[in-house]
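Below, each chain spelled out in residue letters.
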Amino acid sequence: MAPGTVRIVVDSPEAMRELGRRLTGLLRAGDLVMLTGELGAGKTTLTRGLGEGLGVRGAVTSPTFVIARVHPSLVAGPPLVHVDAYRLGGGLDDMEDLDLDVSLPESVVVVEWGEGKVEELTDDRLHLLIHRAVGDTTDEVRHVTLTGVGERWAAVDLGVLPGLS
Ligand SMILES: Nc1ncnc2c1ncn2[C@@H]1O[C@H](COP(=O)(O)OP(=O)(O)OP(=O)(O)O)[C@@H](O)[C@H]1O
Ligand SMILES: [Mg+2]
């Protein structure tokens, strides 16, 4: 495994939310979190935990029509900008309409389905790859691979995440 990469087994939706909550301890304004994983992997569930951990207003949902939703902080912290880029076809052109480059410096931006679309926003990002365990008896087990990309994450120890609860 590459340095700066951590793999966590998450065995329930509640544990996925808890991972999101714990993750916020490492996050600050200007951070981009990229979530990769198939339909129903748990990207929005994790984002719900991020919203709880950041103490933001409004329920984190899977928007049907809205592509980006801003959740302002209730605790004088950074807002959470939740982007679901699933319906965005083209690369950065479509993304540019969202003005994420404007909101990123003061926000935590989390993007579902953002690969190939958001990388140009910043050199630094935290990438979470979520996939279902194959052949497991329950369908609730997920494997989450976290990778910090860029200088921002070079000295961050993601290993603090798995042990806590
Ligand atoms: N360990 C788990 N972690 C997260 N979700 C789980 C887990 N086990 C079961 N689930 C269920 O899987 C579903 C995950 O849905 P969610 O909307 O979070 O996925 P998603 O990756 O955002 O999907 P989409 O690509 O459609 O946006 C929920 O119904 C959740 O209850
Ligand atoms: Mg989703």
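Residues numbered from 1 in each chain as written. Chains lettered and ligands numbered in written order. Predicted model: local features only at pLDDT ≥ 70, side-chain atom pairs only at ≥ 80, totals over all residues. Heavy atoms only, no water.

Enquirer: I would appreciate a short explanation of the overall build of the chain in the present structure.
Expert: Along the backbone of the chain there are six helices and seven strands. Relative to its 165 residues, the chain shows a buried fraction of 44%. In the chain, 66% of the contacts between residues at least 6 apart in sequence involve partners at least 24 apart. Carbon and sulfur atoms make up 53% of the accessible area of the chain, which amounts to about 8200 Å² in all. (Helix = DSSP H or I, 4+ residues; strand = E, 2+ residues; numbered from the N terminus. Buried < 20%, exposed > 50% of the residue type's maximum accessible area, 1.4 Å probe, protein only. Contact = heavy atoms within 4.5 Å. Areas by Shrake-Rupley, 256 points an atom, 1.4 Å probe, with all protein chains shown as cover.)

Enquirer: Please clarify how helix H2 (residues 43-54) should be interpreted in this entry.
Expert: Counting along an α-helix, one turn takes 3.6 residues, and residues three or four places apart therefore face a common direction. Under the 1.5 Å per step criterion, the end-to-end length of H2 is 16 Å for twelve residues, consistent within 8% with the ideal 16 Å. Considered for burial, the residues of H2 that qualify are Lys-43, Thr-44, Leu-46, Thr-47, Gly-49, Leu-50, Gly-51 and Leu-54. In this fold, the buried residues of H2 make contact with helix H1 (13-23), strand S2 (32-36), strand S4 (80-84), strand S5 (108-112) and strand S6 (125-132). After H2 finishes, the residue Gly-55 shows a positive phi value of roughly 70°. (Expected span 1.5 Å × (residues − 1).)

Enquirer: What is the right way to read unusual backbone geometry from this model?
Expert: Non-glycine residue Ala-76 carries a positive phi angle of around 60°. Locating Ala-76 in the fold gives a position in the loop between strand S3 (68-71) and S4. Positive phi is not limited to glycine here, since Asp-99 has a value of about 55°. Here Asp-99 lies in the loop between helix H3 (92-96) and helix H4 (100-103). According to the relative accessible area criterion, Asp-99 is partly exposed, its value standing at 44%.

Enquirer: Even after reading the chapter, I still don't get the coordination of the magnesium ion (ligand 2), so can you show me in this structure?
Expert: Each donor-metal-donor angle in an ideal tetrahedron of four donors is 109.5 degrees, and each such angle in an ideal octahedron of six donors is either 90 or 180 degrees. Bound to the magnesium ion (ligand 2) on the protein side are Thr-44 (OG1) and Glu-112 (OE), at distances that span 2.1 to 2.2 Å. Here Thr-44 is found in helix H2, whereas its partner Glu-112 is found in strand S5, with 68 residues between them in sequence. With a relative accessible area of 3%, Glu-112 lands in the buried category. (Donors = N, O, S within 2.8 Å, 3.2 Å for Na, K, Ca; no water.)

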